[in-house]
Amino acid sequence: MNAREENPMRRMQPSWKRMLRPLAMTMLGSISLSASASLLIIGDDLPVEPMPLDVESQRYLAFNEATFAFYADRQFDAMTQLLANQKRGLFNHDTEYAELMLGELYVNFGLAEQAEEIFNRLLKKDILAQLRAETWLHKAALNYRRGQLDEAADVLASKRTDGMSAEKNARRHLMLANIRISQEEFGEALASLHAIPAGTREGAYATYNMGVAMIRANHTDDGVRMLSGVLNLPPGDEENNALKDRAALAIGLTQLKRGKIEEARAALIRVRADGPFSNEALLALGLSNFERKEYRRALPLWLELVRRNPSHQSVQEALLLAPRAYEELGAMPQALAGYRFATETLRDELRQVELAIRNVDELNWLERLKSHDKASTMNRDPMATSGSYSADAGPEMPYLYRLFASHDFAEQFRQYMELDRLHSLLLDWQQSVPAMEQAWNNQLASLQATLPDARAQLIALKKQQQEAGALAADIQVNMPQGLDMKRPQDLADFEQLVRWEIISEFDRQTRHQPPSSSERERVRRVKGVLLYNIASNAPQNRQQQQSDINSAMEEIDIVDMRTAAVEQLIRDASLHIRSDLGNRLNSRRQDIDRMITDTEKLMAQLGQLLKNDALQVLAENRIQLGEQLAEAHLAMARVQDTSFSERLQEKDL
Amino acid sequence: MKISSKIVLAGLCAALLTGPLAASDEGLSRQIHNLKQNVLNLNRDLSLLERELLYPSSESAIFVSVDVGTPIRLVDVNLTLNGKHVGYHFYSEQEFTALTSGGIHRIFHGNLPSGRHTLEATVTGYDPQGKDYQKTTSHTFTKGPGRKMLELRVVDDLSTMQHRFEFQEWNE
């Protein structure tokens, strides 16, 4: 770590970022603005002295570039950059900030062993306290992902994770609360929840999870209290509101199960009518009325529900419940019509499920899902977030919604998509490598043809440049400080110099004539006038000469630098044509082909698992729909039978 | 018929209060793990080979960065070098977040001839009130025999709530 000063504007950076102290900046010069309405032209250059590109500067650039990729949802790219720079020797075990980032990326990419190796290495070192705490946090997260909950809880509850930023601390306590919830240690979970800032989304999710877990563990009153805490949060964005709906529904259903109808109703009416849980809420509200024999109040709720998308399980239930309410009210013709409508709708849905099963069973089901993902997100990074799947991805999606919402299936599907993107990456490389080989061959041919000539020309140019440099230096050194008219040609400008040479020639030619001759007299007069002119302009001319020689020296410096640049290029090219780049590219081509085959094989296996899960869910739906259809037919027969008996009784009377 | 409300309720509760459905396969996971590691190494090596092929040791790069946590939104940057267009990038919301989190974006990477060059950058941004504006700046630099790195820092001018520019150069 170098001793550069930290730029205060960059203090909000993540920890591994802060570890690499940003370069101190000296801003020189000022900015002048010439403004128009929306176009402002900033003035001249900001003269800043270039800094040497030393190792720390290279690390600063390379690490911050990886940081950009990390936060821009291009984590695979970030990981590749870090690993490439590691191979180049720029990052090593001593660049802890890069190590920590790489460890986090390994965790996210599912390479737990590599991540653990890094974390263990970091923890053995004498590193900053905050970096150490964050490394422990990552290690705990790794244990948590692996299901090693006790190990994770040990770390998170200890002082080893003390002293992190507020954001990281909230993450620590959220993880700890989730572990305690799963272990049914609600008291400790509650203590962790208190450490999460109130009103944050993470806190709301943790509270919801805890409420549900408590209800499952028969601590129903405490669970309902926790859920009420979520329900009473102020309105927020769509995700927050959906969580509030979910909490209201969970309370409603729990109270309904306990027979506390009023409490159930009070919670259920707080579920938004246009929210994602409104179907379940309408069904449950109807049930709460039905249980109290308030059939007239149950009916409109279920009638509203049967108008909605029949692929939803609550709608399917309502299709049978609405005519049942008519029955209870003695409205047999309406009940019969309702059951008829139910049989038709359920039969249509059964057809839809059959179609969905066929779709899922088709070879290209996952291909269609992939194309949907490609259409919804342009990011092709293998670790990029996948698009969310809505009903327009296929008729099976409404039925598979719950499957996609489950953690394990979603994780498997994410892995499948990750493999698919790795496959695309490999296919891209498969096409690029031959192009790279061709470029290499072209470069080789071109360099071999031009290098000998270039080397020769460079030698000649260097000689010329050295001569010019020596001449310029000689002129600069020998330029007299004073204005000496003994050598007027040295003080003349170019035009005066030409005239001086002409007159000197005349002077020479007329030297054999007598001194009183008119020609010699004329030359003498002209020479006198010229000398007078040269003497008059001498200060300006000398200044100009000094300025010219300085410019020439600068130009010579640039030519010198350019010659050095060409020399460097020739050296690079010489090394380049002697390298084994072609062989290395060729060997990688074979690796790519092998990996493409491996990826396709794994995708086929994983895809089959996903299909099996989807088909199982659809088969269960088919059975359920079949049972509901049978129930609807039986109910129709019953209603018709009842009506017929009643008519007979009326006739007999 | 007794209405099956208990069953309906149980179904609803199960949907809301139960855990995941699918199971994972250990052997497959190990194979995927190995494949990922191999692809990662391959991608790293090919990136290095590509760089070796395309850029000699005298490569040049131009980076863009902003102040961490800036409220002034950077929308796009357009670069010209010696009057020729060399780079343009539109920053998505996520990329802008990446910049404000301390990332720097490589907007140009290539081989420049040695000597003097004039870089002109036009930046479009939104001030905290959502008003758009555009600013242009120019910078002259010299490229020598080694690598040249240049960072365009788009920093906050809190007096105007717009951007101003700083350039940082590195020479090898």
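Residues numbered from 1 in each chain as written. Chains lettered and ligands numbered in written order. Predicted model: local features only at pLDDT ≥ 70, side-chain atom pairs only at ≥ 80, totals over all residues.

### Re the overall build of chain A
Piece 1. Each helix and strand counted, chain A has 23 helices and 3 strands in total.
Piece 2. Burial status across chain A gives 35% buried among its 653 residues. (Helix = DSSP H or I, 4+ residues; strand = E, 2+ residues; numbered from the N terminus. Buried ≥ 20, exposed ≤ 12 C-beta atoms within 10 Å, placed from the backbone.)

### Let's talk about the sheet that holds strand 4 (residues 105-110) of chain B
Piece 1. Across the sheet, 5 strands lie side by side as 3(A)-8(B)-7(B)-1(B)-4(B); this open sheet has mixed pairing. Looking at strand neighbours, the two that pair on one side only are strand 3 (51-52) of chain A together with strand 4 of chain B, the edges of this open sheet.
Piece 2. Bridge count for strand 3 of chain A against strand 8 (residues 162-171) of chain B is 2 bridges, and the pairing is parallel. When the sheet's bridge partners are listed, Met51(A) is paired in strand 8 of chain B with Trp170(B).
Piece 3. Together, strand 3 of chain A together with strand 1 (60-66), strand 4, strand 7 (148-157) and strand 8 of chain B form the strand contacts of helix 2 (residues 55-71) of chain A, whose direction differs from that of strand 4 of chain B by roughly 120 degrees. (Pairing = 2+ DSSP bridges. Contact = placed C-beta atoms within 7 Å. Axes fitted to C-alpha atoms, helices over the stretch in contact; angles between N-to-C directions.)

### Re unusual backbone geometry
Piece 1. In the Ramachandran plot, Asp73(A) falls in the positive-phi region, its phi being about 60 degrees despite a non-glycine side chain.
Piece 2. Take Asp73(A): it is sitting in the loop between helix 2 and helix 3 (75-87).
Piece 3. Phi is positive for Asn82(B), close to 55 degrees, though the residue is something other than glycine.
Piece 4. Locating Asn82(B) in the fold gives a position in the loop between strand 2 (73-81) and strand 3 (84-90).

### A closer look at the domain arrangement of chain A
Piece 1. You can read the domains of chain A as domain 1 (250-330) and domain 2 (465-478 + 486-584).
Piece 2. Relative to domain 2 of chain A, the C-alpha centre of domain 1 of chain A lies at a distance of 101 Å. (Domains from an automatic or database assignment.)

### Considerations on the nonpolar core
Residues and elements named next belong to chain A.
Piece 1. One finds Met 210 and Trp 302 to be the most contacted residues of the largest nonpolar core, which totals 168 residues.
Piece 2. The dominant element in this core, judged by the number of residues it contributes, is helix 23 (residues 581-652), at 15 residues.
Piece 3. Among all residues touching Trp 302, those that are not within four sequence positions of it are Gly 286, Ala 318, Leu 321, Ala 322 and Ala 325. (Core = buried A, V, L, I, M, F, W, Y, C linked by C-beta atoms within 7 Å.)

### Remarks on the packing of helix 4 (residues 96-109) of chain A against helix 6 (residues 129-146) of chain A
All names here are of chain A.
Piece 1. Direction vectors running N to C along helix 4 and helix 6 enclose 15 degrees, while the axes themselves pass 11 Å from each other. One way to sum up the angle between helix 4 and helix 6 is to call them roughly parallel. The two elements helix 4 and helix 6 cross, and the hand of that crossing is left-handed. Listed contacts from helix 6 to Glu 96, Leu 100, Gly 103, Glu 104 and Val 107 of helix 4 are Leu 131, Glu 134, Thr 135, His 138, Ala 141, Leu 142 and Arg 145.
Piece 2. For the contact of helix 4 with helix 6, the class distribution of residues is 5 nonpolar, 3 polar and 4 charged. (Parallel < 35°, antiparallel > 145°, perpendicular 65-115°, else oblique. Left-handed = near helix turned anticlockwise from the far one by under 90°. Nonpolar A, V, L, I, M, F, W, Y, C, P; charged D, E, K, R; others polar.)

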